[in-house]
Amino acid sequence: MSVSDRYKDAWESYWSDVSDAPGAAMWDAEPALSAEPHLALLEPYTDRTLPVVDLGCGSGTQTRYLATRYPRAVGVDLSHAAVEHARRADPAGTAEFEQLNLVDAAAVRALHERLGDADVYMRAVIHQSDPQDRAPVAAAVAALIGRGGRAFVAELTKASRTVISEVAQAPGGPPPKLEAVLSHGLRPAEAEDREVSDLLEGAGLEILAQGATTLPQTEFRSDGTRIDLPAEWFVVRGRA
């Protein structure tokens, strides 16, 4: 199975146009606002002795942080250009990065065979996937954690659409980083709220904890306030 050409091409063109500057992507917030507090929510359910896989790693900002907390960190992304961004940003080789199509079940299984059970970190992947790809993405989480791993999943909620729409329609138009997202045909906050938990459970995952949060962005409103997008987080494991 493969993602649509439209979806893959949109991400490839986006990452090809984004600069290597830290925070150039709208969602590429520093780990202190992202992976660090997220890992604190995951830690009660894992001992961090397994490898960790960052799904949809983009430029690898969060993966590099996870590499300081895990014995091995692997960031994967559909986009070749994103993986190249991540590798350039990590000349010391703190983490590993590779291209992976999450809806390619054979490729996901091959990664699991290489790593064994792993913890998974996934931030804002399901919500912008095409509808037919969302269940395979959830299945990829289940395949990678196996029986021993745990996953932290954070996804934008429907309320984020309202925030994005308000920012995009502000006087002067959308700020540059949001304009880049929209101009490349990317579609944030597409999934319905209940859909994410249903997909996780449908993939055979047990939800151990969940809650409301926001995903801080690197873009700001015209008044200088940071754009924080409403989201929901989940900690999951495979069902016994």
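Residues numbered from 1 in each chain as written. Predicted model: local features only at pLDDT ≥ 70, side-chain atom pairs only at ≥ 80, totals over all residues. Heavy atoms only, no water.

### Topic: the overall build of the protein chain
Phase 1 of the analysis: In terms of helices and strands, the protein chain carries 9 helices and 7 strands.
Phase 2 of the analysis: For 240 residues, the compact-globule estimate of 2.2 N^0.38 gives 18 Å, and the protein chain sits close to it at 17 Å.
Phase 3 of the analysis: Overall, the protein chain is about 50 × 40 × 35 Å in size when its C-alpha atoms are taken along their principal axes.
Phase 4 of the analysis: The proportion of buried residues among the 240 residues of the protein chain is 51%.
Phase 5 of the analysis: Counted over contacts in the protein chain with a minimum sequence separation of 6, partners at least 24 positions apart contribute 71%.
Phase 6 of the analysis: On the protein chain, roughly 10200 Å² of surface is accessible, and the fraction owed to carbon and sulfur atoms is 52%.
Phase 7 of the analysis: Averaging the coordinates of the 23 positive side-chain charges in the protein chain and doing the same for the 36 negative ones gives two points 3 Å apart. (Helix = DSSP H or I, 4+ residues; strand = E, 2+ residues; numbered from the N terminus. Rg over C-alpha atoms; globule rule 2.2 N^0.38 Å. Buried < 20%, exposed > 50% of the residue type's maximum accessible area, 1.4 Å probe, protein only. Contact = heavy atoms within 4.5 Å. Areas by Shrake-Rupley, 256 points an atom, 1.4 Å probe, with all protein chains shown as cover. Lys, Arg positive; Asp, Glu negative; His and termini not counted. Charge placed at Lys NZ, Arg CZ, Asp CG, Glu CD.)

### Some points on the packing of aromatic side chains
Phase 1 of the analysis: By the definition in use, this model includes 7 aromatic pairs.
Phase 2 of the analysis: Where Tyr14 meets Trp15, the ring centres are 5.4 Å apart and the plane angle is 80 degrees; that geometry is what we call edge-to-face. Each member of the pair, Tyr14 as well as Trp15, carries the same accessibility label: buried.
Phase 3 of the analysis: Pairing Trp15 with Trp27 gives two aromatic rings, centres 6.1 Å apart and planes at 75 degrees, and the pair type is edge-to-face. In this pair, Trp15 sits in helix α1 (residues 5-17) while Trp27 sits in the loop between α1 and α2 (35-42), placing the two residues 12 residues apart along the sequence. (Phe/Tyr/Trp six-rings, centres within 6.5 Å; stacked < 30°, edge-to-face > 60°.)

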